[in-house]
Structures are given as structure tokens and as C-alpha cells.
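So the chains spell out like this:
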Amino acid sequence: MNETTMPPRYDVAVVGAGPAGASAAINVKNRGRSVVLLAGQTPFSHISGPHLIANFAGFGETTGEELAAALGRHLSALEVPVVTEKVTRIVRDGAGAPTDGFVLFAGDEIHRARAVVLATGVLLEGSIEGEEDLLGLGVSYCVTCDGRLFAGRRVVFISYGPPGEDEASELADAFGVEVTYLPQYEADYRLAAGVRVLAGSRPERLARVDGGVQVALGGGRAGEPLVADAVFVSREAVAPAALLDGLDTDGPHLVVDGRLQTTVPGVFAAGDCTGEPYQVAKAVGQGQVAALAAVRLLREQTEVVAGV
């Protein structure tokens, strides 16, 4: 991709569309900066529903459904672009300098931003034993990024929801991959012809073996490990530390400072991914703090370049 075909660069990209992500996007926009909200495939999924929220100051009692609708209206009124594709990878947009910005891969598209706010929440599904150790060594979350590397080869595709069906089908159709699909949910699976489905099988451990990856199974096929050239994993969100190299974690949470800056310059975090309490009010407040810190960083970078 040459410079004339590169997508425009936003000031800030926000990853995740819960209260923290919506708050961050709103506050960036209110500061006159360009922003894109990369919402994933199910925006506001963790707060939507009839359950009551009774501790959000000033609202008395509201429902998750009402709050999600209000956040959506606010984003729409500010004309914040909302992309309903899951971000699977973030890399530096250049040689690696702190001012280079970032490239974010989401579905078949890429997005560029000078700074990033991560509001990805906390994964409900725990990682599989060995998964983190094999990142880049046979485990991937991004068909667009890595699918062609395994053209014509064998892949085990572990999916925690229906969006994985499209990705597994793309591997089979676009790259001629021999796909074994391990759904961790029940549904009428819609997959490309030739994709083998092993419903009722639970991946318990991943390990390198003979240049490939072995998947030890529990459930219906316990004792019958699968061996493939690679394993792709599809969850509603990707663990933040797997999105971007250099992020320090404390258990399932990102390490941040008082300005909600992560250990990667230019990347901030807000909401559940920074730790407990997992509360709407805390997430909204942190979204604002992270947004203002990102805007301040961009202003400081501009002043340095201008010699102010």
C-alpha cells in the first residue's frame, strides 16, 4: 500500500464500545480532535439488557438498554464514526518512534491514528493453557493478517461466538485452508463447504509439536488431540496484551499510570481492562481521563515539532 492509498490518520482511535470507549470518543470529539470508535461486532453488549443500573450518579435507576441507547445517540449527534469490526492487531505506523502513531487492523480494513485508547473490557473467557506462549508461533487472532501464511495448510479454528464462522469460512474459501472448527457455543453453524465441525469439544491445552500446534481436547473428544499448522482463536475481544507488543499486564488487567498511559507511549486505557471495580461510573470517568490525556499528548507532540 503506497502513500496515496493509505487511509486517513485520525488523531485518536478508541478500541471498544462500552461506557469507557464511548466516553473517550465523546471527549476526544468535544476537544475538536478527529476520532474513530472501533466498536467490535457487538457494541455495548456488556451493558445492554433489562438489568437495572442504580449507582450511576444523577440517573437514579436506569437500565443497561436505556444507557446503551443514550450513549449511541450521543455518539451519533457528534458524528463519531463507529466501526463494527473487531480489532485483532495494532502495530506502529512507521519505524517505531513514539510519534509515529499506530495502524489498527479490523476485519478487512486498517485504520491509522496518532494515539490509541484501549477500552476493551475484561475477557469473559479465560485463555487456553499455552495460548499466550504461542502468540506468533502458531497462534493467531487475525485471518486478514495471517490467513495467507497458511494457504493450503491445516488450521484449527477455535471460536467463542458466531462471528468466527465468517472468519473460518474465509480461511477455507480464500486461502484453501483445511479448517477444523471448534465452536465453544451452540448454534446452527453457517460455514463454508468443507469446514469440519467438532461441536462439544473443549480446547484445554496448546503446545508446539513437530513444527505445528497440538490441541489437547476435553469434552466429547477427550484423549484425541488435534495437530495443525496453526490455531486461530476468535473471541468477542482480543486480550489487550495480544493486540499490541510492549503492553505490561497485571493478571488480566493493563498496567497504567495516573494519566491512564500504558507502558506503550501513545496508548492509553480505560474501564474494566485497567482493573476493578467493574462499574459504569468508573468506566465513564476513566474514558474521559484517557481521552484528555491523549489529546494533551498530541498537543505536546505538536508543540515540540513546532519548536514551541
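To be clear, the structure that these remarks concern was listed above.
Described below are features of the structure shown in this document.

Criteria and cut-off values
Residues numbered from 1 in each chain as written. Predicted model: local features only at pLDDT ≥ 70, side-chain atom pairs only at ≥ 80, totals over all residues. Heavy atoms only, no water. Helix = DSSP H or I, 4+ residues; strand = E, 2+ residues; numbered from the N terminus. Rg over C-alpha atoms; globule rule 2.2 N^0.38 Å. Buried < 20%, exposed > 50% of the residue type's maximum accessible area, 1.4 Å probe, protein only. Contact = heavy atoms within 4.5 Å. Areas by Shrake-Rupley, 256 points an atom, 1.4 Å probe, with all protein chains shown as cover. Lys, Arg positive; Asp, Glu negative; His and termini not counted. Charge placed at Lys NZ, Arg CZ, Asp CG, Glu CD. Salt bridge = Lys/Arg side-chain N within 4 Å of Asp/Glu carboxyl O. Pairing = 2+ DSSP bridges. Core = buried A, V, L, I, M, F, W, Y, C linked by side-chain atoms within 4.5 Å.

What about the overall build of the protein chain?
Thought 1: If you tally the helices and strands in the protein chain, you get six helices and 19 strands.
Thought 2: Computed over its C-alpha atoms, the radius of gyration of the protein chain comes to 20 Å, within 12% of the 19 Å expected for a compact globule of 308 residues.
Thought 3: Oriented by its inertia axes, the alpha-carbon framework of the protein chain measures out at about 60 × 50 × 35 Å.
Thought 4: Taken over 308 residues, the protein chain has a buried fraction of 48%.
Thought 5: Sequence separation of 24 or more characterises 57% of the internal contacts of the protein chain that already satisfy a separation of 6 or more.
Thought 6: Carbon and sulfur atoms make up 50% of the accessible area of the protein chain, which amounts to about 14300 Å² in all.
Thought 7: Distance between charge centres in the protein chain, computed from 24 positive and 38 negative side chains, equals 5 Å.

A look at the pattern of salt bridges
Thought 1: Summed over all chains, the structure comprises eight salt bridges.
Thought 2: Residue Asp-245 is joined to Arg-89 by a salt bridge in which the shortest nitrogen-to-oxygen separation is 3.0 Å. Remark: Arg-89 occurs in strand β6 (residues 87–92) and Asp-245 occurs in the loop between α5 (240–243) and β17 (249–250); sequence separation between them is 156 residues.
Thought 3: In this structure Arg-89 comes out as partly exposed when scored by relative accessible area, which is 22%.
Thought 4: The structure contains a network of salt bridges with shared partners spanning Arg-153, Arg-154 and Asp-229.

Some points on unusual backbone geometry
Thought 1: Along the chain, Glu-276 connects to Pro-277 via a cis peptide bond; the corresponding omega equals 0°.
Thought 2: Summarising the element assignment, Pro-277 is placed in the loop between β19 (267–269) and α6 (280–306).
Thought 3: For Asp-210, which is not a glycine, the phi torsion comes out positive at approximately 50°.
Thought 4: Inspection of the secondary structure puts Asp-210 in the loop between β13 (201–209) and β14 (212–219).

Some details on the environment of Asp-210
Thought 1: Given the relative accessible area of 81%, Asp-210 is considered exposed.
Thought 2: Placed 152 residues apart in sequence, Asp-210 and Gly-58 show a C-alpha to C-alpha distance of 60 Å.

Side note on the sheet that holds strand β9 (residues 139–140)
Thought 1: Pairing within the open sheet is parallel, and its five strands lie in the order β9-β16-β10-β11-β12. Looking at strand neighbours, the two that pair on one side only are β9 and β12 (196–197), the edges of this open sheet.

Here's the deal with the nonpolar core
Thought 1: By size, the foremost hydrophobic cluster in this structure holds 39 residues, and its most contacted members are Ile-90, Leu-104, Leu-118 and Val-231.
Thought 2: Setting aside residues no more than four positions away along its own chain, Leu-104 makes contact with Ala-13, Val-15, Leu-38, Arg-89, Ile-90, Glu-109, Ile-110, His-111, Ala-113 and Val-116.

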